[in-house]
Structures are given as structure tokens and as C-alpha cells.
Amino acid sequence: MTDYIVWFDQLSKDDVGIVGGKNASLGEMINHLSRAGVNVPGGFATTTHAYRDFLASNGLTERINHLLDQLDVSDINALTTVGKTIRGWLLEASLPDALLQTVTQAYEKLVTNSGDRASFAVRSSATAEDLADASFAGQQETLLNVCGLEQLVAAIKVVFASLYNDRAIAYRVHHHFQHDKVFLSAGIQKMVRSDLGASGVAFTLDTESGFRDVIFITAAYGLGETIVQGTVNPDEFYVYKRGLETGRPAILSRRLGAKAIEMIYRDGDEQSSSTVMREVEVERRQCFCLSDAQVEALAQQALIIEKHYGRPMDIEWALDGLDGQLYIVQARPETVESRVGPTVERFKLSQKGKVLTEGRAIGQKIGQGVARLIMHTDQMDTIQSGEVLVTDMTDPDWEPIMKRAAAIVTNRGGRTCHAAIVARELGIPAVVGCGDATIQIKDGTEVTISCAEGDTGHVYEGLLRFEHTTADTGELPDLPVKIMMNIGNPSHAFAFSRLPNQGVGLARLEFIINNMIGIHPKALLEFAHLPEDLKNEIGRRITGYADPVSFYVDKLAEGIATLAAAFYPHPVIVRTSDFKSNEYAKLIGGDRYEPQEENPMIGFRGASRYLATSFRDCFELECQALHKVRDEMGLTNVEIMIPFCRTLEEARQVTELLASLGFVRGRNGLRLIMMCEIPSNAILAEEFLQYFDGFSIGSNDMTQLSLGIDRDSSLVSHLFDERNPAVKKILKMAIHACRKRGKYIGICGQGPSDYPDFAVWLFEQGINSLSLNPDTVVDTWLHLANLDKS
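Residues numbered from 1 in each chain as written. Predicted model: local features only at pLDDT ≥ 70, side-chain atom pairs only at ≥ 80, totals over all residues. Heavy atoms only, no water.

*Asks:* Any chance you could explain the packing of helix 4 (residues 76-92) against helix 6 (residues 149-161) here in plain terms?
*Replies:* Think of two packed helices as two axes; the pair is described by the angle between the axes and how far apart they sit. Remark: helix 4 packs on helix 6, axes separated minimally by 9 Å, with the N-to-C direction vectors making an angle of 155°. The orientation of helix 4 with respect to helix 6, classified from their angle, is roughly antiparallel. For the pair helix 4 and helix 6, the crossing hand works out as right-handed. Across the interface between the two elements, Arg-87, Leu-90 and Leu-91 from helix 4 touch Lys-157, Val-158, Phe-160 and Ala-161 from helix 6. Looking at the contact of helix 4 with helix 6 residue by residue, the classes come out as 5 nonpolar, no polar and 2 charged. (Axes fitted to C-alpha atoms, helices over the stretch in contact; angles between N-to-C directions. Helix = DSSP H or I, 4+ residues; strand = E, 2+ residues; numbered from the N terminus. Parallel < 35°, antiparallel > 145°, perpendicular 65-115°, else oblique. Left-handed = near helix turned anticlockwise from the far one by under 90°. Contact = heavy atoms within 4.5 Å. Nonpolar A, V, L, I, M, F, W, Y, C, P; charged D, E, K, R; others polar.)

Next comes the structure, spelled out in C-alpha cells:
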């Protein structure tokens, strides 16, 4: 170690003042985590002493401070002028002789250890970055594929100068850091040949909800700048931490990104000092750029890093295409979602409008305003406070004006791109990766940005009405009844798990089948015999999966596993598919297999469908997915619920079918629940309970069938009421039968969510659980708590 450089293996996290946050973190990992399996490329860092001497020897310290003391960063033109002037001074300056000699000796040693053909990354590392409450991510420069001493010296000066990028100057002011108290270090690291492999970002929590039990990974071909800059829509993976720790399959979900371009060395020349963008071949776009084994290996490294630092982390990684190894190239504290408190915000559209475009939802909020299209940095000053920023993509140069926006919409980028990171930090919604936002959204039009509808964010025409509520999820009183939730969309699971709850009383497979799959299972089973046009349509949707049937099973398993992991160890009661024939017919290929029924509501559905020879093989695919989640992934909190079981004979046959497929009551903690939604279920409750471990009341169908009302008919809808005395009498029979036999009894219908007095009545009857719509959980909980006190 000298006053001017330090090798990474001599550094620790306590050396931020000497080499900045990023380089101190690299040294910490090399020193303390290498033996645990974290792979970090070696190198050295210039010290903050070297940076200060560089400024002083060129007479720059006072000149810089004088300019910055007079600057108003809200004046974009002044900010641009001052930043450009200071950067010009640094780039024209020379390294002091002693510093140049020290860097030369260290570089020669690094080349000897790395090989003559090695190239290097030169990364910025500031003393006020990668902190627990301010990331400063992307504020300074990183230069890739640097070769030769001359290029290295030039790169170090570029890194030093980048402390005065416009966005870095503004960021320090907005976060109350003094300019003359922040210093820079340059980290020089052997390049990982991800230009021949892949790279990306890993967060050790869900970036949208703050859910702590997953690792979120983005991945794209080539050098990592494409993801950070938002120029590519990457692959995405969620990995379950508990699965990693127990040695079970741990990937909860996969999302194939477009990965249209990649950054590589120019002309494939390893000694070139520049990089270039090129299109990715169609065949590679249609494959995930990491194998499942690589995803889990990367997640293991991320988990080790998180445990070492004791907090959620934001990690950059690279896959070397030559040696096949995964490397960690940066690790910093995650600074937004990890600080979320017990108050949960909820946004909900009260009306719908014309969708102008859609993309990846960032922020789970709704924003609106006048759209302002900005395609070049020289237009940035045109955006006014409260407007919606619409552009192709953003980079850190845009940050001084992004804080004015009510929302952000981009053509390009994924959930870890620059626009997404800044939007989270600012607390505003963003829709990224739309592809056509700057075409579909006209400058000056009023728009509503909704990121409150799941993974997909929508840009609506006009200013739509919406609801904004908050709920304090702090300590709530204990109740003698369990409060559970009804959930269909797995993309909401992590956020909803933050609400007080005791599990999921109804997890609907229909949303997964309709929205994540969209294809009739029979069409996938008979794929080889389909017409060519239908084959082509299905082929496009199943890209990235081994075959048509694997696509169906894996996507079902991903949805179920996400729900189960979000609420583990609380029970998640998964209802097997309950589409009616008209609903199945709307799936791709569905019209080939579904009958035309006069009244599908009481037709070919539920247990009758599973037992039919025409559908049994489709039901078996659902069971394969459930087996994968429960028995392979170890998510045994999943329970199985059978809907619309009309007769005792159906009950016997369907439980025998399940047993033949490996689902035996009590085995591996399995409970089989039956939807109690037909009057015959309540009338013969004790007989049905011979085959099941309990009931979950479906009050919608039970009301419809008890009162003879078509619940979809507006002509008689005023008569539909779960609180009708006849309905209550039937429900009371079911509840008392379950209590008599010591079996589970819950309700998952709409009634308790709509009518607090109905929830109270069920509570008084001794029901075990109320499964509610998530937006009614806290209010219903408090209402019942007050009743219990009285």
C-alpha cells in the first residue's frame, strides 16, 4: 500500500474515506467472502489522497469551489456550463509525477498477473456513494475495455472529472452533501469477458414491494451497461432465499426479455479500447441468457453478500464467456425499498380509459399530468413541475430535471434501468420498456400513468379518477378468527404479503392460466397436430421453455410458487381451475375443444370437468405443477381446494384421482379442501367431509344457487344478497358440520369484503377464517377487534 494506490485485497468496508464506497466494498468482499464462494475480480484503487493531490498540483481546488459556490442547480443552463467547465479543467490537467509513477508500477503488476491480452475496467468510487441512505448510483463514470498505460491514465482522468458531471453536482446538492467534502477514487479491475457472456443486476429484495425473501435478477447479453443505462429489456428472475438455503429448486419465476441489443468489444478485437452496440440474433433473443443453474449460483453469491452486510444489497454481476464463471463487480446497499415503513399505500383506478401504451410497472402508484416528450438533452428544460416525462430512455444526465416529473414513461429499459431506479428514489410511478411510448403519446396531452395493476404498467389517455388510501400495518390486536386474503395475480403477492394476514384463503389459478399462459391446455398437449398458423401463434408465446407442455406446467408452477413463497409459512389454499366452458373457449385454441353450453355457470366446470376423459389429462398438468411446488420446491404451505363438487360420488372419484397422482390427505402435511358453494354441499356436509379436510364457502355461487338468481343478470341483480336468511341458514349448516367434526371452515366469497355486518355474523357463527379482498383487510380486522372487545 502507498499513499496513492491500494490493492483490493488490502481493503475493507471501513476504508470508504480512503477509496470510496464502491472500492471499499470490493475489497471487503475479496477479503472476507472469497472463501465463501463470492467471486470478485482483483485489482487496485487510487486513493482519495491521490485525487486531492491531483487537484492541488494543477491549482484546481479553489477554482472549482469558487464556481460551485455560486451555482444554482435549478438553473439547467448554468449547471451545464459550470459542469462542462470544471470537467474540461480536469481532463486537460496532468497526473503528478509521483502519482503517475505509482499507477504505472501497479498497472504493470496487474498486467503481469492478468496476461498481456487482458483489458481493464476503470470505475469511479466516491466517498459519498453506496451509502445506506444515498446510493449515488450512476453519478460518475465507468470505462470498459481499457488497454495500455496511456489509455488507463486518460481513463483515470475521465473518472476524476466525472465527479463534476451535471447530475452528480445536482445530486449532491439535493441530498445535502458538500462538494468539497466528497472525494473520488478510481478502481482498476480486470475486465470480465461478459461481452462474450452476459451481465446484469441482482437485488436481494423485490424492488417494487420491498419483500425480503427473494432475490431479483436481471440479465442480458454482453457488457452490463445496457441494463444500467436502460437500452435493453432484460430477462428477469425471482429466486426464493429459503429454497437456496435448503438446497431445493429455488427459481420462483422467469420472464423472457427482448434483449434486442448487446454491448461488445468493437469488431471483436480484445485489444480495442472501445465498445460497440450490435443487434442480438433472433435465436439468442428467444433463449434465457442464463441457465437455471447459473441463476441459482448467482443468487447464492448474492445471498452470501447480503448476510455479510446484514442488509438488502444492489449487486452488479458479469458472466465471463471465456471461463464460464460468474463474477461480482459491484455491491452497494439498496437504498429505497429497504427503508419502507409499516404504512402501506394503495392506489386504485376508479375508471378505465383508452390504453395508449404499456410496459413494466415501477412503483405501484398512479400519477397523471400533461405529457412532455423529450428526445434530446437540449430539450430538458422544457419540462415543468408536475408533468409526465416521456422519452426513449434516461441516463444520469437527466436527473436534474427528473425530480420535476409526476411520472416517467420510456421506450426502453427494465426494472433495474436508470429510469426505474430514479423513479423509486423519487417516489413516483414509471412505465419502462414500452417500445412505442414516444410514438403513441403526443406531446401536451393529458395522461394517467397506472402502475397499480400488477407487473404491467399502463398509460391511459386523459386524467382518470383514482383512489389513494393508506393503511398502518403496525401491531393489530389478535382475533379468534383468522384473516386471510383472496389473490389471483401472483405479481401482487409480494406487496399484499405486507398487509397483516394469516395466509391466502383463495389463490385462483384462472388468472395464471388466462394472463400468464393464455393457451388452452389441450392445444399444448396436442401441439404436434395443430394447424400451422395456430402452431406459430403458440410457438411465439412459449419461447424460452423446453416444449409446449413444459411451458404450461412451469408457468402454473411459477405462479403458484410465487404466491406460496410470499406468504410462507402461512397456508395458501390453491383452488384448481374453475373456468367455465365459455371462458376456456376464449383461450388460444380453446374453441377447438370447448362445448357450446346454454348456461355454462352450472355446466361443465369443477370436479365434473376433472373427471371427464376429455379434460383429465389437462387436470393432470395442474397436478404436475402442484407437485413441483409442494414436493420439489418444498412449499408445503400450499393446500389444494376442489371447486364445484356436486355429488358424493364426484367427491369420492376426485379424491381418488388426486391420490393416484400423489396427493394423499395428510402426506407431507397436505390438506384437501372443498369449495362449499352448492346447496347439496351444506345439506350433506358431514358426508362430504368424509373426503375432505374442510370447507371454504364460496358465497357467490351459494347465493346464486340458493336463491335461483343468475348473478350475471342485471334484471335480478338487486335480489342478490349473501345476507338473505335462506343463504345464512344454509351457511350455518356447513359451519356447524365442520365444527362438529373438527374440520377447517372458512369463507372466500365476496360477501365479507362487501358487508362488514356479514363478516360479523360469520364471526359469531364460529367460522375459522375470513378470506377477504386485500383492500378490506385492515378495516375488517379493526371492526372485528372492536366487536370482540365489546
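*Asks:* I keep staring at the sheet that holds strand 23 (residues 482-487) and nothing clicks. Help me out?
*Replies:* Two pairing modes exist for strands in a sheet, parallel and antiparallel, and in both the strands are linked by backbone hydrogen bonds. As summarised here, the arrangement of the 8 strands in space is 23-24-25-26-27-28-29-30, forming a closed barrel in which the pairing is parallel. Between one strand and the next, the sheet's axes are offset by a mean angle of 30°, whatever the strand orientation. As judged from the 4 bridges shared by strand 28 (residues 694-697) and strand 29 (residues 744-747), these two strands associate in the parallel manner. Across the sheet, the residue bridging to Ile-697 is Ile-747, located in strand 29. (Pairing = 2+ DSSP bridges.)

*Asks:* Even after reading the chapter, I still don't get unusual backbone geometry, so can you show me in this structure?
*Replies:* One can expect most non-glycine residues to show negative phi and most peptide bonds to be in trans. Between Tyr-568 and the following residue, Pro-569, the backbone shows a cis peptide bond with an omega angle of 5°. Among the secondary structure elements, Pro-569 is positioned in the loop between helix 19 (548-567) and strand 25 (572-575). Residue Asn-145 is not a glycine yet carries a positive backbone phi of 60°. Along the polypeptide, Asn-145 turns up in strand 4 (residues 142-146).

*Asks:* What is the right way to look at the packing of aromatic side chains in this model?
*Replies:* The relative placement of two aromatic rings is captured by the distance of their centres and the angle of their planes. In total, this model carries 15 aromatic pairs according to the counting rule given. Summarising the aromatic geometry, the rings of Tyr-238 and Phe-494 are spaced 5.4 Å apart at their centres and angled 65° between planes, so their arrangement reads as edge-to-face. With Tyr-238 in strand 8 (residues 235-240) and Phe-494 in helix 15 (residues 493-496), the pair connects residues that are 256 residues apart, well separated along the chain. When sorted by exposure, Tyr-238 lands in the same class as Phe-494, which is buried. Above the plane of the ring of Phe-183 lies Arg-52, whose end atom (NZ or CZ) is 4.9 Å from the centre. Arg-671 extends its terminal NZ or CZ atom over the ring of Tyr-744, reaching a point 4.8 Å from the ring centre. (Phe/Tyr/Trp six-rings, centres within 6.5 Å; stacked < 30°, edge-to-face > 60°. Buried < 20%, exposed > 50% of the residue type's maximum accessible area, 1.4 Å probe, protein only. Lys NZ or Arg CZ within 6 Å of the ring centre and 35° of its normal.)

*Asks:* What exactly am I supposed to notice about the nonpolar core here?
*Replies:* Taken as a class, soluble globular proteins show a tendency for nonpolar side chains to be buried jointly. Residues Ile-217, Trp-317, Phe-695 and Leu-770 are the most contacted members of the largest nonpolar core, which totals 152 residues. The greatest single-element share of this core, amounting to 12 residues, is contributed by helix 19. Setting aside anything within four residues of it in sequence, one finds Phe-695 in contact with Ile-673, Met-674, Cys-676, Asn-681, Ala-685, Phe-688, Leu-689, Ala-734, Cys-738, Tyr-744, Ile-745 and Gly-746. (Core = buried A, V, L, I, M, F, W, Y, C linked by side-chain atoms within 4.5 Å.)

*Asks:* Honestly, the pattern of salt bridges in this entry has me stumped. Any pointers?
*Replies:* For side chains of opposite charge, pairing can occur when their charged atoms come near one another. Summed over the entire model, instances satisfying the criterion amount to 39 salt bridges. For Glu-236, the salt bridge goes to Arg-360, with nearest N and O atoms at 2.2 Å. In this pair, Glu-236 sits in strand 8 while Arg-360 sits in strand 15 (residues 355-362), placing the two residues 124 residues apart along the sequence. This pair shows no difference in class: Glu-236 is buried, exactly as Arg-360 is. If you follow the salt bridges from partner to partner, you end up with Asp-206, Glu-208, Arg-415 and Arg-424 in one network. (Salt bridge = Lys/Arg side-chain N within 4 Å of Asp/Glu carboxyl O.)

*Asks:* What is the right way to look at the environment of Phe-758 in this model?
*Replies:* One can find Phe-758 in helix 29 (residues 756-765). Judged by relative accessible area, which is 1%, Phe-758 ranks as buried. Taking the C-alpha atoms as reference, Phe-758 lies 7.9 Å from Glu-722; in sequence the two are 36 residues apart. Discounting chain neighbours no more than four positions away, the residues touching Phe-758 are Glu-722, Arg-723, Lys-728, Leu-731, Ile-747, Gly-751 and Pro-752.

*Asks:* What am I meant to see in the side chain of Thr-231 here?
*Replies:* Here Thr-231 shows up in the loop between helix 8 (225-229) and strand 8. Residue Thr-231 is classed as buried on the basis of its relative accessible area of 9%. Discounting chain neighbours no more than four positions away, the residues touching Thr-231 are Thr-226, Ile-261, Met-277, Met-393 and Arg-412.

*Asks:* Would you take a moment to explain the sheet that holds strand 8 for this structure?
*Replies:* If you walk across this open sheet you meet the 6 strands as 9-8-7-6-12-13, and the pairing is antiparallel. Strands at the two margins of the open sheet, each flanked by one partner only, are strand 9 (251-255) and strand 13 (326-333). Averaged over all pairs of adjacent strands, the angle between their axes in this sheet comes to 15°, without regard to strand direction. The pairing of strand 7 (residues 214-221) with strand 8 spans 6 bridges and is classified as antiparallel.

*Asks:* Hey, could you run me through helix 13 (residues 418-426) in this one?
*Replies:* Among all positions of helix 13, only His-418, Ala-419, Ala-420, Val-422, Ala-423 and Arg-424 are buried. Lining the buried residues of helix 13 we find helix 8, strand 15, helix 12 (399-402), strand 18 (407-410) and strand 19 (430-432). Count one or two residues on from helix 13 and you reach Gly-427, which has phi positive near 75°.

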